[in-house]
Protein chains: 2
Amino acid sequence: MPVTMNGLKTACSQCNLVELCLPFGMSDSELHQLDELVGARRKVKRQQSLYRAGDPFEAIYAIRAGSFKTDVLLEDGRDQVTGFQMTGEILGLDGISTENHSCNAIALEDSEVCVIPYAKLEQLSHEVEGLQHQFHKVMSREIVRDHGVMMLLGSMRAEERLAAFLLNMSQRFTARGFSAAEFHLRMTREEIGSYLGLKLETVSRAFSRFQEEGLIAVQQKHIRLIDSSGLRRLVQHQTASCGR
Amino acid sequence: MPVTMNGLKTACSQCNLVELCLPFGMSDSELHQLDELVGARRKVKRQQSLYRAGDPFEAIYAIRAGSFKTDVLLEDGRDQVTGFQMTGEILGLDGISTENHSCNAIALEDSEVCVIPYAKLEQLSHEVEGLQHQFHKVMSREIVRDHGVMMLLGSMRAEERLAAFLLNMSQRFTARGFSAAEFHLRMTREEIGSYLGLKLETVSRAFSRFQEEGLIAVQQKHIRLIDSSGLRRLVQHQTASCGR
DNA sequence: TTTTTTGGTTGACGTGGATCAACGGGCATG
DNA sequence: CATGCCCGTTGATCCACGTCAACCAAAAAA
């Protein structure tokens, strides 16, 4: 597993991702107390894993650059993408419960993460007022997000799922200072399908259909949202009837 | 909202649910430090809600008796059950992220919960070594569970989902000292269906099919597992082919 | 450059589960 | 006791999405 470690210390107080990351909302003085938090940085190349299911849990990770997917797999080979993560988001929370990771985290592009040793996080939580609460918020947000995905998988139709996915991506790109209307997806149709509980052909067809209807412009992984309120309408209502 | 509050203090150290609940794995001395944790007990009658989406978040809840479901709903009326909770399990974690609850928690039978004011939990986490870690584990376990549900909803077929559901219920009843093979479901077919992303008719048919095949005996909400390894096989493999 | 591989699109067809509908048993209520 | 409602079961039909297959463009490798 050829991964690169480098000893460069990264101070949260110097990082431009604070507003998206674990230290969000903490005071300046608290922020400086976090300079001990990050153990090291680690680069992960495209397609490589940051951790795999079964690996002993030692740290959580904050994405400094790049993006990841997480997936779980059954013995029979079926797998399911459980999430896509972007800069500032936290990976590895699944490992706390059993002291072993329960999913794989794989880089969708050459990426870099901050390694936050869990022991250090627990320790600093006692010292830095606000860190504990902030960490709880991050975990809670993940739970709420998961409920949203369950809603999507359990009660939405294919096109509604894809529309919801695109709007979610758009919103997260916006939060990172990128265009809300135009972005580049780092994952394949198959990965999107796995996340949305659909086959890649269905995802492809839905993309084509959105394009025909003038909702978006698709060019491979490059997406332009033309009528995002149309997409929003599609998620919430799907015209009439048909509410399965 | 006719709910009953009573001021009866409940000490975790006196509770026979410790092994299932938040204080699991904590030392005796730590346990006694938790006697401040539970603010009050609260009774919730069948069909009543413990909290609703949008309610301000103030506390998490440990189920002392009875059982609950949580669900989220879209504006258009569609709803999705996101989980069923039994004694010792923790409710309300979704509220931390935004300071408001994001789902409804509804009692499936007359129930009682321990109210754990979140502020007190945070405060005690600083004083009681181990509480913080235990709480993190509870949240992490919820995340892992959610991933399992996503797997179920995203890549399993109707009968596999129901088999997985039954095995999960069995395992949780076992952990509570009840029979692994015979139990009473507190939720309707429709609620099971909502949780599993299926219509109630499909759930009913799957039950009938399992009965025909001699895997289980069904009598309304009363279930007896006859061939649980058969169910397990069904979850993991579904004979051959057909891996959608 | 050509070749190969990988990812995406599109069409034809099949099917699992949704939908619609009828019916029946349990359980609560008067 | 009868009445009514909720819940579960079962059948017939439909359709959204999966499956299978051919093809093409882009990217990677040679």
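Residues numbered from 1 in each chain as written. Chains lettered and ligands numbered in written order. Predicted model: local features only at pLDDT ≥ 70, side-chain atom pairs only at ≥ 80, totals over all residues. Heavy atoms only, no water.

Q: How should I be thinking about the pairing of strand β12 (residues 222-225) of chain A in this particular structure?
A: On any regular strand, side chains alternate: one points to one face of the sheet, the next to the other face. All names here are of chain A. With burial as the criterion, only one face of β12 is covered, namely that bearing I223 and L225; the residues H222 and R224 on the opposite face remain uncovered. Pairing geometry for strand β10 (residues 182-184) and β12, over 3 bridges, is antiparallel. When the sheet's bridge partners are listed, E182 is paired in β12 with R224. As defined by bridge partners, strand β11 (residues 216-219) adjoins β12 across 4 bridges and the pair is classed as antiparallel. Along β12, the bridge assignment pairs A217 with R224. (Buried < 20%, exposed > 50% of the residue type's maximum accessible area, 1.4 Å probe, protein only. Helix = DSSP H or I, 4+ residues; strand = E, 2+ residues; numbered from the N terminus. Pairing = 2+ DSSP bridges.)

Q: So what exactly am I meant to see when it comes to the protein's contact with DNA strand C here?
A: As a structural note, the neighbourhood of DNA strand C is formed by 20 residues, with S204, R205 and S208 of chain A together with A158 and T202 of chain B the closest of them. Atoms of DNA strand C within 4 Å of the protein belong to the sugar or the phosphate in 71% of instances, the rest to bases. Side-chain polar atom of R205 of chain A to a base nitrogen of DNA strand C: 2.8 Å apart, as the coordinates give it. Going through the elements one at a time, α6 (200-212) of chain A together with α6 (200-212) of chain B are the ones with two or more residues in the surface near DNA strand C. Considering every element that reaches the surface near DNA strand C, the biggest residue donor is α6 of chain A, with 5 residues. Its residues placed into classes, the surface near DNA strand C shows 3 nonpolar, 7 polar and 10 charged. (Near = heavy atom within 4 Å. Polar contact = N/O pair within 3.5 Å; in protein donor to acceptor, adjacent residues only side chain to side chain. Nonpolar A, V, L, I, M, F, W, Y, C, P; charged D, E, K, R; others polar.)

Q: Looking at this model, I keep getting lost on the protein's contact with DNA strand D. Mind explaining?
A: Around DNA strand D there are 20 residues in total, and R157, A158 and T202 of chain A together with S204 and S208 of chain B lie nearest to it. Between DNA strand D and R205 of chain A there is a distance of 2.8 Å, counted from a base oxygen to a side-chain nitrogen or oxygen. Here S204 of chain B contributes a side-chain N or O atom positioned 2.7 Å from a phosphate oxygen of DNA strand D. Among the elements of the structure, α6 of chain A together with α6 of chain B are those that each provide at least two residues to the surface near DNA strand D. Among the elements that line the surface near DNA strand D, the one with the most residues is α6 of chain B, at 5 residues. Tallied by class, residues from the surface near DNA strand D come to 3 nonpolar, 7 polar and 10 charged.

Q: Got a minute to help me understand the domain arrangement of chain A in this structure?
A: Interfaces are often sized by the amount of accessible area the parts lose when they come together. Residues and elements named next belong to chain A. On domain assignment, one finds that chain A holds domain 1 (4-129) and domain 2 (156-236). Inter-centroid distance (C-alpha atoms) of domain 1 to domain 2 is 26 Å. The interface is formed by 15 residues belonging to domain 1 together with 12 residues belonging to domain 2. Summed over both partners, the interface of domain 1 with domain 2 comes to about 1200 Å²; 56% of that surface belongs to carbon and sulfur atoms. Between the two partners, domain 1 and domain 2, sit 4 salt bridges. Salt-bridge contacts for R186 lead to E109; the nearest nitrogen and oxygen are separated by 3.4 Å. (Domains from an automatic or database assignment. Contact = heavy atoms within 4.5 Å. Buried area = accessible area lost by both parts, 1.4 Å probe. Salt bridge = Lys/Arg side-chain N within 4 Å of Asp/Glu carboxyl O.)

Q: Help me out: how do you make sense of the environment of K199 of chain B in this one?
A: In this fold, K199 of chain B is placed in the loop between α5 (189-196) and α6. With 41 residues separating them along the chain, K199 of chain B and A158 of chain B place their C-alpha atoms 9.8 Å apart.

Q: In this structure, what is going on with the pattern of salt bridges? I would like to understand it.
A: A full pass over the atoms with the stated rule returns 28 salt bridges over all chains. For E160 of chain B, the salt bridge is made with R78 of chain A, and the minimal N-O distance between the two is 2.7 Å. Residue E160 of chain B is located in helix α4 (residues 158-175), and its partner R78 of chain A is located in the loop between β5 (68-73) and β6 (79-85); the two belong to separate chains. No difference in accessibility class separates E160 of chain B from R78 of chain A, as the two residues are buried. What you see here is one network of salt bridges that share partners, running through R41, K43 and E112 of chain A.

Q: Teacher, can you tell me more about unusual backbone geometry here?
A: Generally, phi is negative for residues other than glycine and the peptide bonds are trans, each holding for most cases. A positive phi angle, close to 70°, is found at E99 of chain A, a residue other than glycine. Secondary-structure assignment places E99 of chain A in the loop between β7 (90-91) and β8 (104-107).

Q: Just checking my understanding: could you explain the side chain of D94 of chain A for this structure?
A: Within the secondary structure, D94 of chain A sits in the loop between β7 and β8. For the buried D94 of chain A, no salt bridge exists, and the shortest N-O distance to an oppositely charged side chain is 9.7 Å, to R145 of chain A. Side chain to side chain, D94 of chain A and Y51 of chain A meet in a polar contact 3.3 Å long. Among residues more than four places away in sequence, those in contact with D94 of chain A are Y51, N100, H101, S102 and C103 of chain A together with S140 and V144 of chain B. (Lys, Arg positive; Asp, Glu negative; His and termini not counted.)

Q: How should I be thinking about the sheet that holds β12 of chain A in this particular structure?
A: Hydrogen bonds along the backbone pair up the strands of a sheet, which may run parallel or antiparallel. Residue and element names in this part refer to chain A. The 3 strands lie next to each other as β10-β12-β11, forming an open sheet whose pairing is antiparallel. Of all strands in the sheet, those bounded by a partner on one side alone are β10 and β11. Neighbour to neighbour, the strand axes of the sheet diverge by 15° on average, direction disregarded. Sitting on the sheet, helix α4 (residues 158-175) is in contact with β10, β11 and β12, with an inclination near 95° to β10. (Axes fitted to C-alpha atoms, helices over the stretch in contact; angles between N-to-C directions.)

Q: Hey, could you run me through the nonpolar core in this one?
A: In globular proteins that are soluble, nonpolar side chains generally tend to be buried together. Ranked by internal contacts, the top residues of the largest apolar core, which has 72 residues, are L162, F165 and F207 of chain A together with L162, F165 and F207 of chain B. Discounting residues that sit within four places of it in the chain, L162 of chain A has contacts with I192, L196, V203, A206, F207 and F210 of chain A. With 52 residues, the next largest nonpolar core counts V18, V38 and I90 of chain A together with V38 of chain B among its residues. (Core = buried A, V, L, I, M, F, W, Y, C linked by side-chain atoms within 4.5 Å.)

Q: Explain the packing of helix α3 (residues 131-155) of chain A against helix α3 (residues 131-155) of chain B to me, please; I cannot follow it from the model alone.
A: Helix packing for two helices is described by the angle between their axes and how far apart those axes are. Their axes nearest at 9 Å, the elements α3 of chain A and α3 of chain B cross at an angle of 15°. Compared by their axis directions, α3 of chain A and α3 of chain B come out roughly parallel. Here α3 of chain A runs over α3 of chain B; the crossing is left-handed. In the contact of α3 of chain A with α3 of chain B, the residues fall into 12 nonpolar, 10 polar and 4 charged. (Parallel < 35°, antiparallel > 145°, perpendicular 65-115°, else oblique. Left-handed = near helix turned anticlockwise from the far one by under 90°.)

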